[in-house]
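As a plain string of letters, each chain reads:
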Amino acid sequence: MTKNTGHAVARVEATAAELAIDLVGYASTADLEERLDERHRPSTLSAETRTLIVLGKRTLRGVLWAKHLPSKQLAGGRALRALEFAAERIAFDLERRGALALPVSPASLDFEKRTPGDLLPAGQGSPLLREGAVLAGLGTLGLNRMVLTPEYGPRVFFAGVLTSAEIEPGTELPEELCLGLEECGRCAAICPADAIPRRAPRNAGLAAIRGLDERACARSCQPFGFDAFSDHLASIFEARTGDDMWQRMRGRKSGEIWSEMAMMKEAALTGCSECVQVCPVGRDYERLRSSVHRRHDLPDRLPRSEADDFVEIENLGPQIRRRTTWEQERR
C-alpha cells in the first residue's frame, strides 16, 4: 500500500462508521517513536509499522447522567470491548489488501514493560494511544494527561491499529483545549483520590504542571485491581479461625472481585470517571451538565487560595458520590 492512499482511508472510515466508532485519526509511528519513552514506543510491539490508526468511542450521555456506579463502570468496559472488535475488523481488512496490521487494545498490558498505571485515568487508553490521538489531531492532553477532544472532552476511549500502510498523518491541534488549573481545575477539585495537581505557580504553562499520582488514581479507577485482589487474599489467609476464613471468602468483597474478573473484565479499569464527568471541554458538556445528578457537581468558581505566586485549588471530592463498600473497607 502506498502513502496518501485515499481508498485505504475511505475503507477504514467506512468500517469505523459502520461499527459506531466516533473518531478516527492517523499518526506516524516515526513521530511516536520520538515522542514516547522507550517502553511505550510502537517499536516495542512491531518494528514493521508506519502508521497508527487511532479509534475513539464516546461515552453515552445517558451513562454519564447516571448515578449508579456499577452501571457506569460496566458501560465503560463495553465501550472498550466494542473498540477492540472494531480494531480487529479494520486490521483484517488492511491485511486483505496487502498491508500488515496489528490491533492495539485499549486495555491490554505487557507486564514486562508496563504497569496498570499506564491505563490511568479512567481506562481511556495507553500512552501510545493517547499520544497517537494528540499527534493525529483528535485532541490535546488535559491536566491529568487524559486526551480532551473538541467533541467530547475526555469522555472518549481509544484503541488503535498499527499498520505497515503509509497513511498521511493528521495535524496536531494548534491550541490547548484544557483550560488549566487557574482558569478551571475542576478535575483536580473533584478527584476522590486527590491524584491530580492542585497547586502550581501563577501563570505556569499547562505542560509544566500536567501530572497524575498513579497509585492514588488506581485506587478509584481500579477498585478491584491487582492490589485489591492480593490484599483480600492475604486477609483470608490471615483469618484466625476456619469460620472467620469462610466468612471472608463468602463476603461481599469476594463477590465483587469475582464479578470484576468474570463479568466486568475490561470494566475493571474504568471504576472512576469523576474527572471525566466534570470537565467543561467538549461540545457535549452543556447537555451533560443539565442532568439532575450532574447539575450541582461543583460550584462555577472553585475555592482557591493564592499566595507566594502560587495558586492552589481546594479538593472538594465528588459531590454526588459517597463512599462505597470497597472504599470503607480499605480505610
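Residues numbered from 1 in each chain as written. Predicted model: local features only at pLDDT ≥ 70, side-chain atom pairs only at ≥ 80, totals over all residues. Heavy atoms only, no water.

Re helix α10 (residues 226-237)
So, point 1. With twelve residues, α10 extends 17 Å from end C-alpha to end C-alpha; this agrees with the ideal 16 Å at 1.5 Å per step.
So, point 2. Listed in full, the buried residues belonging to α10 are Ala-228, His-232, Ser-235 and Ile-236. Along the axis of α10, the buried residues cluster in a sector spanning 100 degrees; they form a single face. Facing away from the buried side of α10, by more than 90 degrees, are the exposed residues Phe-226 and Phe-237. (Helix = DSSP H or I, 4+ residues; strand = E, 2+ residues; numbered from the N terminus. Expected span 1.5 Å × (residues − 1). Buried < 20%, exposed > 50% of the residue type's maximum accessible area, 1.4 Å probe, protein only. Arc of directions from axis to C-beta.)

Re the packing of α10 against helix α11 (residues 242-249)
So, point 1. Direction vectors running N to C along α10 and α11 enclose 160 degrees, while the axes themselves pass 8 Å from each other. One element, α10, and the other, α11, form an angle in the roughly antiparallel class. Mapping the contact onto sequence places His-232, Ser-235 and Ile-236 in α10 and Met-245, Arg-248 and Met-249 in α11.
So, point 2. Each residue belonging to the contact of α10 with α11 can be placed in one class, and the counts come to three nonpolar, two polar and one charged. (Axes fitted to C-alpha atoms, helices over the stretch in contact; angles between N-to-C directions. Parallel < 35°, antiparallel > 145°, perpendicular 65-115°, else oblique. Contact = heavy atoms within 4.5 Å. Nonpolar A, V, L, I, M, F, W, Y, C, P; charged D, E, K, R; others polar.)

A few points about empty space enclosed by the protein
So, point 1. Per the counting criterion, the structure on display carries three cavities of 30 Å³ or more.
So, point 2. When its volume is computed, the largest cavity comes out at roughly 200 Å³.
So, point 3. Around the largest cavity, the lining comprises 21 residues; the ones closest to its centre are Lys-72, Phe-157, Thr-270, Cys-272 and Ser-273.
So, point 4. Looking at the lining of the largest cavity, the elements with two or more residues in it are α3 (61-65), α4 (69-96), β6 (156-163) and α13 (274-278).
So, point 5. The residue inventory of the lining of the largest cavity, partitioned by class, reads ten nonpolar, seven polar and four charged.
So, point 6. For the lining of the second largest cavity, the per-class residue count stands at twelve nonpolar, four polar and one charged. (1 Å grid on protein atoms, 1.4 Å probe; cavity = no way out; pocket = protein on both sides within 12 Å on 5 of 7 lines; lining within 4 Å. Points joined across faces, edges and corners; volume = space filled by probe spheres on them.)

As for the side chain of Arg-130
So, point 1. With respect to the secondary-structure elements, Arg-130 resides in helix α5 (residues 127-135).
So, point 2. Despite its burial, Arg-130 pairs with no opposite charge; the closest candidate is Asp-118, at 6.3 Å N-O.
So, point 3. At a separation of 2.8 Å, a polar atom in the side chain of Arg-130 contacts the main-chain carbonyl oxygen of Gly-125.
So, point 4. If we skip the residues at most four places from it in the chain, Arg-130 touches Asp-118, Leu-120, Gln-124, Gly-125, Arg-145, Met-146 and Val-147. (Lys, Arg positive; Asp, Glu negative; His and termini not counted. Salt bridge = Lys/Arg side-chain N within 4 Å of Asp/Glu carboxyl O. Polar contact = N/O pair within 3.5 Å; in protein donor to acceptor, adjacent residues only side chain to side chain.)

As for the pattern of salt bridges
So, point 1. In the structure shown here, the tally under the stated rule is 17 salt bridges.
So, point 2. A salt bridge links Arg-210 to Glu-176; the nearest nitrogen and oxygen atoms lie 2.7 Å apart. Here Arg-210, found in the loop between α8 (206-209) and α9 (214-221), pairs with Glu-176, found in the loop between β6 and α6 (180-183); they are 34 residues apart in sequence, far enough to count as distant.
So, point 3. For Arg-198, the salt bridge is made with Glu-312, and the minimal N-O distance between the two is 3.7 Å. Here Glu-312 lies in strand β9 (residues 310-313) and Arg-198 lies in the loop between α7 (186-190) and β7 (199-201), a separation of 114 residues in the sequence.
So, point 4. Take Glu-312: its relative accessible area is 30%, and that puts it in the partly exposed class.
So, point 5. Via salt bridges that share partners, Arg-11, Asp-93, Arg-96 and Arg-97 belong to a single interconnected network.

Some points on unusual backbone geometry
Excluding glycine, residues mostly carry a negative phi; peptide bonds, for their part, are mostly trans.
So, point 1. With an omega of -10 degrees, the peptide bond between Leu-120 and Pro-121 qualifies as cis.
So, point 2. Within the secondary structure layout, Pro-121 lies in the loop between β3 (101-104) and α5.
So, point 3. One non-glycine residue, Asp-308, lies in the positive phi region at around 55 degrees.
So, point 4. Take Asp-308: it is sitting in the loop between β8 (304-307) and β9.
So, point 5. Its relative accessible area of 69% is what places Asp-308 among the exposed residues.

Brief notes about the sheet that holds β7
So, point 1. The three strands lie next to each other as β7-β9-β8, forming an open sheet whose pairing is antiparallel. Of all strands in the sheet, those with a lone pairing partner are β7 and β8, marking the two edges. Ignoring which end each strand starts from, the neighbouring axes of this sheet average 15 degrees apart.
So, point 2. In this sheet, β9 lies alongside β8 in antiparallel orientation, the contact comprising four bridges. Note on β9: the bridge partner recorded for Glu-306 is Val-311. (Pairing = 2+ DSSP bridges.)

Considerations on a nonpolar patch on the surface
So, point 1. Residues Phe-229, Leu-233 and Phe-237 make up a contiguous nonpolar surface patch of roughly 300 Å² in combined accessible area.
So, point 2. As for its placement among the helices and strands, Phe-229 is situated in helix α10. (Patch = residues over 30% accessible without salt bridge, like charges linked within 9 Å, V, L, I, M, F, W, Y side chains within 5 Å. Areas by Shrake-Rupley, 256 points an atom, 1.4 Å probe, with all protein chains shown as cover.)

Overview of the sheet that holds strand β1 (residues 23-28)
Whether parallel or antiparallel, the strands of a sheet pair through hydrogen bonds between backbone atoms.
So, point 1. Taken in spatial order, the four strands of this open sheet run β1-β2-β6-β3, and their pairing is antiparallel. Edge positions in the sheet fall to β1 and β3, since each has one partner strand and no second. Shown here is a sheet whose adjacent strand axes are inclined to one another by a mean of 20 degrees, direction ignored.
So, point 2. For β1 and strand β2 (residues 51-58), the ladder comprises six bridges, and the chain directions are antiparallel. Note that in β2 the partner of Ser-28 across the bridge is Thr-51.

This is a description of form; function is not addressed.
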